Amino acid sequence: MAFGDLLDLIGGMGRFQIIHVALLSIPIMLTPIHNLVQNFLAAVPEHHCQIYQAYNASGDLNLTQTLSTEDLLKVSIPLDSKGAPEQCLRYSVLQWDLLAPNATATNKTGMSVEPCNDGWTFDTSEFSSTIVSQWNLVCEQHPLKQLALSIYMTGVLVGGAVIGLLSDRFGRRRLIMWSYLQLAVSGTCTAFSPNFISYCVFRFLVGMANSGVVLSTVSLVLEWVPTRARTMTGTFTGYLATLGQILLAGLAYAIRDWRWLQLALSLPFFIFFLYSWWYAESARWLIMSGKPEHAVKELRKVARINGKLEECQKLNIEMLKSSMQKELAAQKTSYSVLDIVRTPMLRRISFCLGLVWFSTAFAYYGLATDLQSFGLSIYLVQVTFGSVDIPCKAISVLTMSFIGRRAAQACSLSLAGIIIMAGIFVPTEMQVLRASLAVLGKGCLAASFVCCYLFSGELYPTMLRQTGMGLCNTMARIGGIVAPLVQLTGEYFRFLPLVIYACAPIISGIAACFLPETLNVALPDSIEEVENRGRRKNDEEQQEFIPLPSARHMTDEADKK
């Protein structure tokens, strides 16, 4: 009897599994919000230099007190090329001549200007407070905004590596409880950050914890759910993550102060931490870690909740060990990370999948974390960006099921790159069209993510599947770290970020064509099985191109004989 049969014996997808998946999935709605919330925490309000105040000989404010806001801006702040007030410069001396009826000043030529030595004035009509207005992250300091996002993504990368290893050593339940608590505490501390450095430190810790929540949730769901229900539960949790992106827009619209918004996203994790004490530790992990008594205890708990009292009494250590003979036998063979690049076919798979995961995350976060660049309502764009994932993920699943994984992966990436590239040729004034192309591109990248997870798991052998997925996760996180920094290249050429974001998925779409197809193919269990499949595929391709001998050649051969 396999372990899956044992799960069916104690209730299958019973009451325990339904409650367990529901409680684990609720926090998943908030995990993508923490990835994307900097669109609102670090939104850049309209701003200009603090207006220079003129004083008379006695030290009292002079005419500047009596001027209207419009006239005060006219004499104090030069205009940029679009006729809007400059954001980083002001006149060194008030230009009273500009108040004349026929006077105009479309540029700074001939007028003495200086940087914003006294700070900036921010428009609070849309955002009452952001980290940009809080710490003046504009003009020379504006790269710090992108740096903060890269630091957060670095935390996600470190969390995936560290918490993943600790989860294999100390258990899924302990690590998910710790991740909930760390995210709650560090997220709350982020809301009360006194300066930009502490904000970055706490956001780094939030990124670590967020990654731990996702990884531990996936493990606990998969290891307690029967095989036949995995697709259903995976789809359910995936769409909850999409719902979280839409929820972000509503929360940000209702809470315009960055500190209160950050606090609202962090406090629920204290509740998640409290009810996580009810979670059951993975019986698979317990038996693999040499704790069969504890595993039997957890299985009996599950059987009681599912109403399987007779089966609960029959459970014992011998039954559990017999149901996991395959896993225990596999545990005796050790593999290292080098094994995923030791043989030719695994090298090809790892290289191509590395490109696929990097470019998918790179372009995805490049588009999804720069919503203000479209010039439309940031809340409406966020809702649209989240909603497009729903049909795109469904199309991806259908394509993978009926056409193939390789075609779905290559087409979603290539199409995303082409759509992003098309946005380069759309004039800035056509904001709706530019945003629509970005939404479609982001939808294709969401479809690519769906394919990535399934395709990668099917390509690696059982003994190296977690190691291979760890490599893929690392490449995706590196893409997320680099993506915000690429936006800074727009200072040199306005469309350069889009060019880079478009080229990466196109190149990786081509690389995906060199991956083996896995549709209706059994999962490989060993490295040898992967290599043998690759050799058979190469032999078949060579046989297809063997030229048929000509009639004259056949006659000559017969004469020789």
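In this text, all values refer to a predicted model and were calculated from it rather than measured experimentally. (Residues numbered from 1 in each chain as written. Predicted model: local features only at pLDDT ≥ 70, side-chain atom pairs only at ≥ 80, totals over all residues. Heavy atoms only, no water.)

## Regarding the overall build of the protein chain
Check the secondary structure of the protein chain and you find 26 helices and four strands. The 561 residues of the protein chain split such that 48% are buried. For the protein chain, the proportion of contacts with a sequence separation of at least 24, taken over those separated by at least 6, is 80%. Accessible area for the protein chain stands at about 26800 Å²; split by element, carbon and sulfur atoms hold 63% of it. (Helix = DSSP H or I, 4+ residues; strand = E, 2+ residues; numbered from the N terminus. Buried < 20%, exposed > 50% of the residue type's maximum accessible area, 1.4 Å probe, protein only. Contact = heavy atoms within 4.5 Å. Areas by Shrake-Rupley, 256 points an atom, 1.4 Å probe, with all protein chains shown as cover.)

## Considerations on the nonpolar core
The biggest cluster of nonpolar side chains holds 127 residues, and the ones touching the most others in it are Tyr180, Tyr199, Trp224 and Phe385. Setting aside residues no more than four positions away along its own chain, Trp224 makes contact with Leu7, Phe16, Gln17, His20, Ala280, Glu281, Ser282, Ala283, Glu298, Leu299 and Val302. (Core = buried A, V, L, I, M, F, W, Y, C linked by side-chain atoms within 4.5 Å.)

## Looking at the packing of helix H2 (residues 15–28) against helix H12 (residues 268–275)
A pair of packed helices is characterised by two quantities: the angle between their axes and the separation of those axes. At their nearest, the axes of H2 and H12 sit 11 Å apart, and the two run at 160° to each other. The angle between H2 and H12 falls in the class roughly antiparallel. Crossing geometry of H2 relative to H12 is assigned as left-handed. Taking contact as the criterion, the partners of Leu23, Ile26 and Pro27 in H2 are, on H12, Phe269, Phe272 and Tyr275. (Axes fitted to C-alpha atoms, helices over the stretch in contact; angles between N-to-C directions. Parallel < 35°, antiparallel > 145°, perpendicular 65-115°, else oblique. Left-handed = near helix turned anticlockwise from the far one by under 90°.)

## As for the packing of aromatic side chains
In this structure the tally under the stated criterion is 22 aromatic pairs. One aromatic cluster is present, built from ring pairs that chain together Tyr180, Phe269, Phe272, Tyr275 and Tyr279. The ring of Tyr152 is capped by Arg203, whose NZ or CZ atom sits 4.2 Å from the centre of that ring. Positioned above the aromatic ring of Tyr253, the side-chain terminus of Arg256 is 4.5 Å from the ring centre. (Phe/Tyr/Trp six-rings, centres within 6.5 Å; stacked < 30°, edge-to-face > 60°. Lys NZ or Arg CZ within 6 Å of the ring centre and 35° of its normal.)

## Some points on the state of the cysteines
Taken as a whole, this structure holds two disulfides when the rule is applied. Across the disulfide, Cys49 is cross-linked to Cys116 (sulfur-sulfur distance 1.7 Å). Of note, the bridge from Cys49 to Cys116 carries an S-S torsion of about -55° and is left-handed in sense. Within this pair, whereas Cys49 is found in strand E1 (residues 47–49), its partner Cys116 is found in the loop between strand E3 (113–115) and strand E4 (120–122), the two being separated by 67 residues in sequence. In this pair, the class of Cys49 matches that of Cys116, namely buried. The disulfide partner of Cys88 is Cys139, and the S-S distance across this bridge is 2.0 Å. The S-S bond linking Cys88 to Cys139 shows a torsion near -100°; that makes this disulfide left-handed. Of this pair, Cys88 sits in the loop between helix H5 (69–76) and strand E2 (89–91) while Cys139 sits in the loop between helix H6 (131–135) and helix H7 (143–170); the two residues are 51 residues apart in sequence, bridging distant segments of the chain. We classify Cys139 as buried; its relative accessible area is 13%. What links to what in the protein chain: the bonded cysteines, counted in sequence order, pair as 1-3, 2-4. (Disulfide = S-S within 2.5 Å.)

## Quick notes on the side chain of Thr130
One can find Thr130 in the loop between E4 and H6. Discounting residues that sit within four places of it in the chain, Thr130 has contacts with Phe40, Leu41, Ala43, Pro45 and Trp258.

## Focus on unusual backbone geometry
Backbone geometry places Asn136, a non-glycine residue, at a positive phi of 55°. Secondary-structure assignment places Asn136 in the loop between H6 and H7. Of the residues examined, Asn136 reaches a relative accessible area of 28% and is grouped as partly exposed. For Cys139, which is not glycine, the phi torsion reads 55° and is therefore positive.

## A few points about the pattern of salt bridges
Considering all chains together, one arrives at three salt bridges under this definition. Glu114 is the partner of Arg90 in a salt bridge, and the nearest nitrogen-oxygen pair spans 2.8 Å. Residue Arg90 is found in strand E2, and its partner Glu114 is found in strand E3; the two are separated by 24 residues along the sequence. Across the pair, Glu114 and Arg90 agree in class, each one buried. Here Arg90 ties to Asp118 by a salt bridge, and the two come within 2.9 Å at their closest N and O atoms. Of this pair, Arg90 sits in strand E2 while Asp118 is found in the loop between E3 and E4, placing the two residues 28 residues apart along the sequence. Overall, the relative accessible area of 52% leaves Asp118 in the exposed class. (Salt bridge = Lys/Arg side-chain N within 4 Å of Asp/Glu carboxyl O.)

## Topic: helix H19 (residues 378–387)
Regarding H19, the residues found buried are Ile378, Tyr379, Val381, Gln382, Phe385 and Gly386. Mapping the buried residues of H19 onto a view down its axis gives an arc of 160°, with all of them on the same face. (Arc of directions from axis to C-beta.)

## Overview of the confidence of the model for the protein chain
Overall, the predicted model of the protein chain reaches an average pLDDT of 81, with 85% of residues at or above 70. Confidence over residues 55–61 falls short of pLDDT 50; this stretch has seven contacts with residues more than four positions distant or in other chains. Here residues 544–555 scores under 50 on pLDDT; set against residues more than four positions off or in separate chains, the count is one contact. (pLDDT = per-residue confidence, 0-100.)

## Structural notes on the environment of Asn39
Examined against the element boundaries, Asn39 turns out to sit in helix H4 (residues 38–41). Residues in contact with Asn39, not counting those within four places in the same chain, are Ala368, Thr369, Asp370, Leu371, Ile378 and Gln382.

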